[in-house]
Amino acid sequence: MESEFTPDNRMNSMMADYSHIKGWGIDADLENDPTYPMKKRTDEERFGYTWERPEQQPQDVEILTSTERNNMPAVFGTTVPPSGLSGMIRRYAYTWSESDLRRWIPLILADRIGAGEGIIDDLAHGKIPNIFAERGWTAEMKYNRKNFLLKVAAVTVVAVGVTALIVNRKKISGSLKSHR
Amino acid sequence: MIAMNFRGPFRVRADRDKPIPEIEHPNDAIVKVLRSCICGSDLHLYHGLVPDTRVGSTFGHEFVGEIVEVGSSVQNVKVGDKVIVPFNIACGKCAFCRQELFGNCHESNPEATAVGGIFGYSHTAGGFDGGQAEYVRVPYADVGPTVIPDWMDPDDAVLLTDVVPTGYQAAEMGGILPGDTVVVFGAGPVGIMAAKCAWLFGAGRVIVIDQLDYRLEFVQKFAQCEAYNFNYLGDVVEFIKHTTDSLGADVCIDAVGCEAAGDAMNTLLGRKLLLQGGTTTALHWAINSVKKGGIVSIVGVYGPVNALVPIGNVVNKGITIRANQASVKRLLPRLIEHVKNGVLSPKDMITHRIPLHEVAEGYHIFSAKLDNCIKPVLIPS
Ligand SMILES: [Zn+2]
Ligand SMILES: [Zn+2]
């Protein structure tokens, strides 16, 4: 396939003349070498880092904390504390340091389980999750109609196939029963 | 209130019954959101790639809004102020904040030490709800929030929360000197802004690499740079070498991060099996395309576990790698000036304005790159 963006089609043939670029070079700094982020040396390297800590946020929900910390930061998010099976897995994960895969792989697993728990939770609150809308497929219908219709067709074919299979099975098992 | 609600990979919705957040700390503020963006890095959450992304969370680290309530110790902002809220949650007091490393605050994230608190970015980044909602709790209101100048368009302001400072810092960390050749991998909003800002540091040549023609076309005009589709280049590294007298670029910027395309093996390990902290294709290209002694600047987001990179080449070529979450608060004064003087016009990147209650479509459009989407903004109705 041909693209407009091939090596032969280079811009900037004007090289060296940058008058067309507003602000060219206005932040250039020959002293900026090496550049940000540079360590700003303070005496703290020798005497230890201390700072006047901000006031502590009161804690009334369970917050999982990195094993690499020895205190609670002054603020933290309190939304969605760990719960259920996914919460148990998260508590296990947080017993390992951030350097350990046992910290991260269980969290990914807990996230997947959490998605299942979310569906159960929705149903328990009398809410049937509208997966079609949650996946934003209305946008697909609008901007990618052809692809969307193909997807729908494929899903329909599979659904019809599966239904036919189930109906046939029932028929077969039904006919077996009648022969018994 | 209406708020985005994450239900699992590729599933989000707008709920109408989320409680309005409350002051939980004397230096908190509650902000009524005017605009919030969906960011490329929100897609990593949306795709289920960031560990400890809990169902029921509200995403959104790019938002501006009006302060409607302040805690007892807040002094620098007041009710009624319209503010830019940097995506980093920073205390302003710890050893890192005092070094202006506002993206590395030690007083905002209990769950991990490797990253500071970020609004709406999983429990790995502190478990804070984000701004894709009508209201949001903003900790350390005396430190982050910056009043929007009255001349500034809120569409420009909202992009100063992340995209503009991250793109600018990508160029800044490259240590660009006048005349340098800069290659930016990724033509998403951050890559586009990095390319634009590279000129401000005096770049002599700016090249952007991506695979979506509509984005390449956009960046070519917006950032007045060269733009190439890697699908037509053959070997990207070889192309960069050939176009720079076989020496390589002075500076390479990774503005892609963990969902890079372009290498099947890397995609399998990073994006499909989640066995490494992301697909490292862009970083791999950056390391191999840069000149000996050159600088690789990383602003793409990667996961917390190991990721494969050609580290031997880093050693042999004497490459300097610079990387960080943007220190938004540090950069805001200069960037506001650039917007005022018309040097930067961030809002031109906004392609979609979507009502907050249609957030699910917004995520799908951005994720599936439908309708030539570059930057979607959510607007609470
Ligand atoms: Zn962002
Ligand atoms: Zn701090």
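Note that the structure is a prediction, hence the values are computed from the model and not measured.

J.: Report on the overall build of chain B, specifying residues and quantitative values.
T.: In terms of helices and strands, chain B carries 12 helices and 17 strands. On C-alpha atoms alone, chain B measures out to a radius of gyration of 20 Å, which is about the 21 Å that the 2.2 N^0.38 rule sets for 381 residues. Expressed along its principal axes, the backbone C-alpha trace of chain B runs to roughly 60 × 40 × 40 Å. Within chain B, the fraction of its 381 residues that count as buried is 69%. Summarising the internal contacts of chain B: among those between residues at least 6 apart in sequence, 71% fall at separations of at least 24. Split by element, the accessible area of chain B, about 11,600 Å² in all, is 51% carbon and sulfur. Computed over 32 positive and 40 negative side-chain charges, the separation of the two mean positions in chain B equals 2 Å.

J.: Give a detailed account of the coordination of the zinc ion (ligand 2), specifying residues and quantitative values.
T.: All names here are of chain B. At the metal site, the zinc ion (ligand 2) is ligated by Cys91 (SG), Cys94 (SG), Cys97 (SG) and Cys105 (SG), and these contacts range over 2.3 to 2.4 Å. Of note, the donors binding the zinc ion (ligand 2) are all from one chain and are spaced C-x2-C-x2-C-x7-C. Taken together, the residues span a long stretch of sequence, with Cys91 in the loop between β6 (88-89) and α2 (95-98) and Cys105 in the loop between α2 and β7 (117-118) at a distance of 14 residues. Just as Cys91 is buried, Cys105 falls in that class too.

J.: I'd love a proper account of the interface of chain A and chain B, names of residues and values included.
T.: Facing the 87 residues of chain A at the interface are 98 residues of chain B. In this assembly, chain A and chain B are joined by 9 salt bridges. One salt bridge connects Arg90 of chain A with Asp52 of chain B, and the closest N-O pair in it is separated by 3.0 Å. Our count for the contact surface shared by chain A and chain B stands at 46 residue pairs in polar contact (both at pLDDT 80 or more). Contributing elements (two or more residues each) for the side of chain A that touches chain B: α3 (101-124), α4 (131-134) and α5 (137-143) of chain A. With 12 residues, the top contributor of residues to the side of chain A that touches chain B is α3 of chain A. Residues that form the side of chain A that touches chain B fall into these classes: 42 nonpolar, 21 polar and 24 charged.

J.: Tell me about the confidence of the model for chain A, and please be specific about residues and values.
T.: All names here are of chain A. Counting all residues, the mean pLDDT for chain A is 82, and 82% of those residues have values of 70 or more. Of all secondary-structure elements in chain A, the lowest mean pLDDT belongs to helix α6 (residues 145-179), at 68, while helix α2 (residues 84-93) reaches the highest, 98. Counting contacts from residues 6-14, a segment whose pLDDT is below 50, to residues more than four positions away or on other chains yields 19 contacts. For the stretch residues 174-180, pLDDT sits under 50, and the model shows 1 contact to residues farther than four places along the chain or on other chains.

J.: Before we move on, can you summarise the layout of surface pockets with the specific residues and values?
T.: Roughly 670 Å³ of volume is contained in the second largest pocket. Lining the second largest pocket are 33 residues, and of these Thr79 of chain A together with Lys18, Pro19, Gly56 and Asp129 of chain B sit closest to its centre. Every element with two or more residues in the lining of the second largest pocket is listed here: α3 of chain A together with β1 (3-8), β2 (11-15) and β8 (135-138) of chain B. Tallying contributions element by element places β1 of chain B first for the lining of the second largest pocket, with 4 residues. When its residues are assigned to classes, the lining of the second largest pocket shows 12 nonpolar, 9 polar and 12 charged.

J.: Mind laying out the coordination of the zinc ion (ligand 1), listing which residues take part and the relevant values?
T.: Residues and elements named next belong to chain B. Those donors, Cys39 (SG), His61 (NE2), Glu62 (OE) and Asp162 (OD), are the protein atoms that reach the zinc ion (ligand 1), and they lie 1.9 to 2.2 Å from it. Geometry at the zinc ion (ligand 1) is irregular, judged from the 4 donor atoms that bind it and their angles of 93 to 136° at the metal. Donor residues binding the zinc ion (ligand 1) come from one chain and are separated in sequence as C-x21-H-E-x99-D. Highlighted residues: Cys39 in the loop between β3 (29-37) and α1 (40-46) and Glu62 in the loop between α1 and β4 (63-70), separated in sequence by 23 residues. Assigned by exposure class, Cys39 and Glu62 land together as buried.

J.: How would you sum up the pattern of salt bridges? Please name residues and give values.
T.: Residue and element names in this part refer to chain B. Here the structure, examined in full by the defined rule, presents 27 salt bridges over all chains. Between Arg13 and Asp15 there is a salt bridge, with its nearest N and O atoms 2.9 Å apart. By relative accessible area, which is 11% here, Arg13 ends up buried. When the shortest N-O distance is used, the salt bridge between Glu24 and Arg137 registers 3.8 Å. Of this pair, Glu24 sits in the loop between β2 and β3 while Arg137 sits in strand β8, and the two are 113 residues apart along the sequence. The exposure class of Arg137 is buried, given its relative accessible area of 8%.

J.: Let's hear about the pairing of strand β12 (residues 226-229) of chain B: which residues, and what values?
T.: The side chains of a regular strand alternate, residue by residue, between the two faces of the sheet. All names here are of chain B. Residues Glu226 and Tyr228 point to one face of β12 and Ala227 and Asn229 to the other, with burial holding for every one of them. Where strand β11 (residues 205-210) meets β12, 4 bridges bridge the pair, whose relative direction is parallel. Residue pairing across strands places Ile209 opposite Tyr228, the latter belonging to β12. As a crossover connection, the stretch from β11 through helix α6 (residues 213-222) into β12 is right-handed.

J.: I'd like a description of the sheet that holds β11 of chain B, backed by residues and values.
T.: All names here are of chain B. Pairing in this open sheet of 6 strands is parallel, and the strands run β12-β11-β10-β13-β14-β15 from one edge to the other. The sheet is open, and its two edges are formed by β12 and β15 (320-323), each paired on a single side. The average angle at which neighbouring strand axes cross in this sheet is 20°, direction not considered. Of the strands in this sheet, β11 and β12 touch α6, which is tilted by about 170° from β12.

J.: Can you break down helix α5 (residues 189-200) of chain B residue by residue, with the values?
T.: All names here are of chain B. Along its 12 residues, α5 runs 17 Å from first to last C-alpha, staying within 8% of the 16 Å computed at 1.5 Å per residue. Counting buried positions along α5 yields 12 of 12 residues, so the element is predominantly enclosed. Every buried residue belonging to α5 is among Pro189, Val190, Gly191, Ile192, Met193, Ala194, Ala195, Lys196, Cys197, Ala198, Trp199 and Leu200, and all of these are buried. Just downstream of α5 lies Gly202, where phi reads positive at about 95°.

About the thresholds
Residues numbered from 1 in each chain as written. Chains lettered and ligands numbered in written order. Predicted model: local features only at pLDDT ≥ 70, side-chain atom pairs only at ≥ 80, totals over all residues. Heavy atoms only, no water. Helix = DSSP H or I, 4+ residues; strand = E, 2+ residues; numbered from the N terminus. Rg over C-alpha atoms; globule rule 2.2 N^0.38 Å. Buried < 20%, exposed > 50% of the residue type's maximum accessible area, 1.4 Å probe, protein only. Contact = heavy atoms within 4.5 Å. Areas by Shrake-Rupley, 256 points an atom, 1.4 Å probe, with all protein chains shown as cover. Lys, Arg positive; Asp, Glu negative; His and termini not counted. Charge placed at Lys NZ, Arg CZ, Asp CG, Glu CD. Donors = N, O, S within 2.8 Å, 3.2 Å for Na, K, Ca; no water. Salt bridge = Lys/Arg side-chain N within 4 Å of Asp/Glu carboxyl O. Polar contact = N/O pair within 3.5 Å; in protein donor to acceptor, adjacent residues only side chain to side chain. Nonpolar A, V, L, I, M, F, W, Y, C, P; charged D, E, K, R; others polar. pLDDT = per-residue confidence, 0-100. 1 Å grid on protein atoms, 1.4 Å probe; cavity = no way out; pocket = protein on both sides within 12 Å on 5 of 7 lines; lining within 4 Å. Points joined across faces, edges and corners; volume = space filled by probe spheres on them. Tetrahedral: all angles 85-135°; square planar, octahedral: opposite > 155°, others 65-115°. Pairing = 2+ DSSP bridges. Right-handed = clockwise from strand over helix to strand, strands pointing away. Axes fitted to C-alpha atoms, helices over the stretch in contact; angles between N-to-C directions. Expected span 1.5 Å × (residues − 1).

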